[in-house]
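Listed here are the chains, written in short residue letters.
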Amino acid sequence: MTDQNVSTLEQVRAAIGACRRCELCETRTTIVFGVGDPHAEVMFVGEAPGRQEDLGAEPFIGAAGKYLNQLLSRAGLTREEIYIANVLKCRPPNNRDPLPAEIEACTPFLREQVRAVDPLVLVTLGRFATQFILKTDVGIGNLRGRVHLTGRFSVLPIYHPAAAIYDRAKVPVMERDFELLGALVVRRREEASARAARSGTPLGNEE
Ligand code: URA
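Note that this is a predicted model, so its numbers are computed, not measured.

A.B. asks: Outline helix H1 (residues 9-16), listing residues and values.
C.D. replies: Residues Leu9, Val12 and Ile16 constitute the buried set of H1. Across the axial projection of H1, the buried residues extend over an arc of 60°, all falling on one side. Exposed and facing more than 90 degrees away from the buried side of H1 are Glu10 and Ala14. Those residues of H1 that are buried lie in contact with strand S3 (82-86) and helix H4 (100-117).

A.B. asks: Can you explain unusual backbone geometry? Please cite residues and give values.
C.D. replies: The residue phenylalanine 60 is not glycine, and still its phi comes out positive at about 50°. Inspection of the secondary structure assignment puts phenylalanine 60 in the loop between helix H2 (51-56) and helix H3 (63-74). On the basis of relative accessibility, which here comes to 6%, the residue phenylalanine 60 falls in the buried class. One non-glycine residue, asparagine 94, lies in the positive phi region at around 55°. Asparagine 94 gets classed as exposed once you look at its relative accessible area, which sits at 72%.

About the criteria used
Residues numbered from 1 in each chain as written. Predicted model: local features only at pLDDT ≥ 70, side-chain atom pairs only at ≥ 80, totals over all residues. Heavy atoms only, no water. Buried < 20%, exposed > 50% of the residue type's maximum accessible area, 1.4 Å probe, protein only. Helix = DSSP H or I, 4+ residues; strand = E, 2+ residues; numbered from the N terminus. Arc of directions from axis to C-beta. Contact = heavy atoms within 4.5 Å.

In short, the description is geometric, and any link to function would need to be established separately.
Spelled out as structure tokens, the structure:
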């Protein structure tokens, strides 16, 4: 059944408008909303647009994005079948860390994006996405690689791809975590099919 209180992605984007809710509006080129399948089984949440994303208006199209695309294949996923958004929709100058006020101003839209996509699995890339989604101050090193259940979502925190570009020791860990993601998606898909079969609802026809 469709929840009448859930906005569509188009409505969330329209609500952002030509945003001036924080100072990043002064330095950004574009608002980087999100991209991908609006009904994706797997949604990725990154930190904030970098230089390429700020110019191209799409998340993860720079070096970290190219590496992410490679890792996706380890999980048996393609870029077309996932949805990707960031904690911040505008690039922080020189890719500095997001500030608390920026996170506060921007994340109501991320929350609505998550509700609109309603994925089986939410993958948080790096510290900022993980701590926001899991509402915790625990470091990413202690959270990654394990499935966390929060509300209706299975959340899998993984290091940010840029972290493994700078620290090659993280590469095997990243690869294992994406393989874990592949197994998790298969399991959640099977559970969703079983639930749909029990309720007599043909899959893909839930609304
Ligand atoms: N890093 C992120 O966290 N998001 C992007 O979109 C690009 C790089």
